[in-house]
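A structural walkthrough
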Amino acid sequence: MNVILKATSKFLPLLGLLFFSACSNSNTPTANNAPATSASFTAAKGCKNIGILLPESDSSARYEAYDRPLLEREIKKVLPDATIQYANANNNADTQQNQADAALTKGACILVVDPNDSEKASAIVQKAKASQVPVIAYDRLIQDPDVAYYVSFDNVRVGELQGQYIADQYRKGAYGLKRGANLVMINGSQTDSNALQFREGALKALQPLVDSKDLNLVFDQYTPNWDSARAQSLMEGVLTQQKNNVQAAYVANDGLANTVIAALRAQKLDGKVLVTGQDATLTGIQNILTGDQAMTIYKPIAKEAEATAQLVAALSNGTDPGSLVNGQTNLQQGGGQVKSVLLAPIAVDKTNVQQTVFADGFLKKEQVCNGLNGDTTGLCRS
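Residues numbered from 1 in each chain as written. Predicted model: local features only at pLDDT ≥ 70, side-chain atom pairs only at ≥ 80, totals over all residues. Heavy atoms only, no water.

**Focus on the environment of Thr-42**
- Assignment of secondary structure puts Thr-42 in the loop between strand S1 (3-5) and strand S2 (49-54).
- In the structure, Thr-42 is positioned 91 residues away from Val-133 in sequence and 7.2 Å away in space, judged by C-alpha atoms. (Helix = DSSP H or I, 4+ residues; strand = E, 2+ residues; numbered from the N terminus.)

Following this line, the structure appears as C-alpha cells:
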C-alpha cells in the first residue's frame, strides 16, 4: 500500500510533527471509486453525537490507556457539549460492526473508527453513508473510498525506521551481526492495513541486505489478530528450526516483542538478539532499558487525537478542514484515495528515551523505573 504526501503551504501549530514530501502522482481518485464529498455527509452539520470505535486492547495497551482518553478529551475541547459513544471491539470485526450499528441507532452523526479488520470495516462505512454520516478512519485505514478522512502516522515510514535500525546495527557489527546473520520477521495482523505498511517499509531498508546475502531472512510471517501468545509460539518454532541460530528479530510492536523476548529468554538469548518494537509502551521502554529490546517507535498519540478532533469539529461546524489535510492515501484495491492527515513517527532506543517519551510526558521516568531490575543504561539511577 502506497502513501502519497502532498506538500501544502498551510500548517497548523498542533501538527508540527507532520511529515511532508512532494509527489508527482495524481491525487484524483478513479471515476469508479469517487469518494463521498462533504455534501454527502449532511448528518454531520451541527453534529454533537460522536461515536468512537477502537479495535482491541489485547496486543497494545495504547488504545485504552491513551487513544480513548485523548480522543474524548480533544473532542470535548473543540465541541464542549458533545456526547461521545465509546466501544472497543476486543479484536472482533463482527463485534465492531454491531457496535457501529448501535452507535448509529443511538444517533451518532460522526463516527471515528479504528478498524479491527480494514476490509470488513467497509460495511461500517457503507452503513454510515446510507445515513449521510461521515467516517473518519483513525490510525488504521479502512479499505473503502467513502471514508471521509484518514488520520494516522506515516506507517510505511514506521516500518522503514524499524528496518533501518536493523540495517544500521548490522553495519556497526552490533549484536554480533555479520554477513549471513539470520533475520526473523514477526509481522502484525494481515487484516490490519497498517501491518502491511509496516512490513513494506521494513523491507525497503532490509531487502537490499537480504538480496546481497548480508542477512538471511529465515522467517517472515504475519501474526493473526496481533496475538502476542501466537507471536511467542512462532518465535519458539523458529528457534527450534534454526537451532537457536537467530541474530535479529524484526517484531512489529512492543506487545509482540515482549513475548518474542520471553521465547528468547527461555533459550538464554534475551539481550543477545536484536529485537525491534513499536508504540513506546511501558513494557517496551522497560525492555529497552534492560537491554532485552533494541528499539521501539514512538508515535505521539496526543497529536493524532488532536488532529482527529479538529476534523470532527470541522465536519460539525461545516468548515473546510483543508489546512489539516496533508496528503492522500491509496486504497489497497480498486484505486481511489482517501484524504489524509499523516504524522511523523520517531525511532527510540536507549540513547534518546529521555529526550522523547519522557520529555513529552508520554511516559514518566518514575513510572518506567519503578521496580525495574536490570537497567543497563543508568537512566533510572540518575
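What follows picks up the thread again.
**Quick notes on the packing of helix H4 (residues 155-172) against helix H5 (residues 193-211)**
- The interhelical angle for the contact between H4 and H5, taken along N-to-C directions, is 30 degrees, at an axis separation of 6 Å. The orientation of H4 with respect to H5, classified from their angle, is roughly parallel. The interaxial crossing formed by H4 with H5 has right-handed handedness. Where H4 abuts H5, its residues Asn-155, Val-156, Val-158, Gly-159, Glu-160, Gln-162, Gly-163, Gln-164, Ile-166, Ala-167, Tyr-170 and Arg-171 lie against Asn-194, Gln-197, Phe-198, Glu-200, Gly-201, Ala-202, Lys-204, Ala-205, Leu-206 and Leu-209.
- Classifying every residue of the contact of H4 with H5 by side-chain character gives ten nonpolar, eight polar and four charged. (Axes fitted to C-alpha atoms, helices over the stretch in contact; angles between N-to-C directions. Parallel < 35°, antiparallel > 145°, perpendicular 65-115°, else oblique. Left-handed = near helix turned anticlockwise from the far one by under 90°. Contact = heavy atoms within 4.5 Å. Nonpolar A, V, L, I, M, F, W, Y, C, P; charged D, E, K, R; others polar.)

**Comments concerning H5**
- Between the first and last C-alpha of H5 there are 26 Å, a value that for 19 residues agrees with the 27 Å anticipated at 1.5 Å per step.
- The largest bend in H5 comes to about 45 degrees, at Ala-205, with the proline Pro-208 one to four residues further on.
- By the N-cap criterion, in which a side-chain oxygen at the helix start approaches the backbone nitrogen of a residue two or three places on, H5 is capped by Asp-192, the distance to Asn-194 being 2.8 Å.
- A positive phi of about 65 degrees marks Lys-213, the residue just after H5. (Expected span 1.5 Å × (residues − 1). Bend = angle between axes of the 7 residues up to and from the residue. Polar contact = N/O pair within 3.5 Å; in protein donor to acceptor, adjacent residues only side chain to side chain.)

**A closer look at the pattern of salt bridges**
- Throughout the structure, instances matching the rule amount to 18 salt bridges.
- For Glu-56, the salt bridge identified is with Arg-140, shortest N-O distance 3.7 Å. Here the residue Glu-56 occupies a position in the loop between S2 and helix H1 (62-78), and Arg-140 occupies one in the loop between strand S5 (135-138) and strand S6 (149-153), the gap between them amounting to 84 residues. (Salt bridge = Lys/Arg side-chain N within 4 Å of Asp/Glu carboxyl O.)

**A short note on the nonpolar core**
- Ile-136 and Ile-285 are the most contacted members of the largest nonpolar core, which has 47 residues in total.
- Dropping the residues within four chain positions of it, Ile-285 is found in contact with Ala-280, Thr-296, Val-348, Val-353, Val-357, Leu-363 and Val-368. (Core = buried A, V, L, I, M, F, W, Y, C linked by side-chain atoms within 4.5 Å. Buried < 20%, exposed > 50% of the residue type's maximum accessible area, 1.4 Å probe, protein only.)

**Topic: unusual backbone geometry**
- The backbone of Asn-91 shows a phi angle near 65 degrees, a positive value even though the residue is not glycine.
- With respect to the secondary-structure elements, Asn-91 resides in the loop between strand S3 (83-88) and helix H2 (93-105).
- Phi at Trp-226 takes a positive value of approximately 55 degrees, unusual for a residue other than glycine.
- Here Trp-226 lies in the loop between strand S8 (215-221) and helix H6 (228-241).
- Here Trp-226 falls in the buried class, since its relative accessible area comes to 5%.

**Thoughts on the state of the cysteines**
- Counted under the stated rule, the structure contains two disulfides.
- There is a disulfide in this structure between Cys-47 and Cys-109, and the S-S distance comes to 2.0 Å. Here the S-S torsion is close to 90 degrees, and the disulfide linking Cys-47 with Cys-109 is therefore right-handed. Of this pair, Cys-47 sits in the loop between S1 and S2 while Cys-109 sits in the loop between H2 and strand S4 (110-113), and the two are 62 residues apart along the sequence.
- Given a relative accessible area of 2%, Cys-47 falls into the buried group.
- One disulfide bridge connects Cys-369 with Cys-380, the sulfur atoms lying 2.0 Å from each other. Across the S-S bond linking Cys-369 and Cys-380, the dihedral sits near -80 degrees, which makes this disulfide left-handed. In this pair, Cys-369 is assigned in helix H11 (residues 365-369) and Cys-380 in the segment after H11, connecting sequence segments eleven residues apart.
- On the accessibility criterion, Cys-369 (17% relative accessible area) is buried. (Disulfide = S-S within 2.5 Å.)

**Notes on the confidence of the model for the protein**
- When pLDDT is averaged across the protein, the result is 90; 90% of the residues are at 70 or more.
- Segment residues 1-37 is flagged for pLDDT under 50; beyond a separation of four residues in sequence, or across chains, it makes 90 contacts in the model. (pLDDT = per-residue confidence, 0-100.)

**Thoughts on the side chain of Gln-169**
- Assignment of secondary structure puts Gln-169 in helix H4.
- With relative accessibility at 9%, the residue Gln-169 sits in the buried group.
- Every residue in contact with Gln-169, bar those within four places of it in the chain, is listed here: Ala-174, Tyr-175, Leu-177 and Leu-274.

**Some remarks on the sheet that holds strand S9 (residues 248-251)**
- One open sheet holds the four strands; their spatial order is S8-S7-S9-S10, and the pairing between them is parallel. Each edge of the open sheet carries a strand with a single partner, namely S8 and strand S10 (274-275).
- Pairing analysis gives two bridges linking S9 to S10, with the strands arranged parallel. The partner of Ala-248 across the bridge, within S10, is Leu-274.
- On the sheet, H4 packs against strand S7 (181-186), S8, S9 and S10 and is oriented at approximately 165 degrees with respect to S9. (Pairing = 2+ DSSP bridges.)

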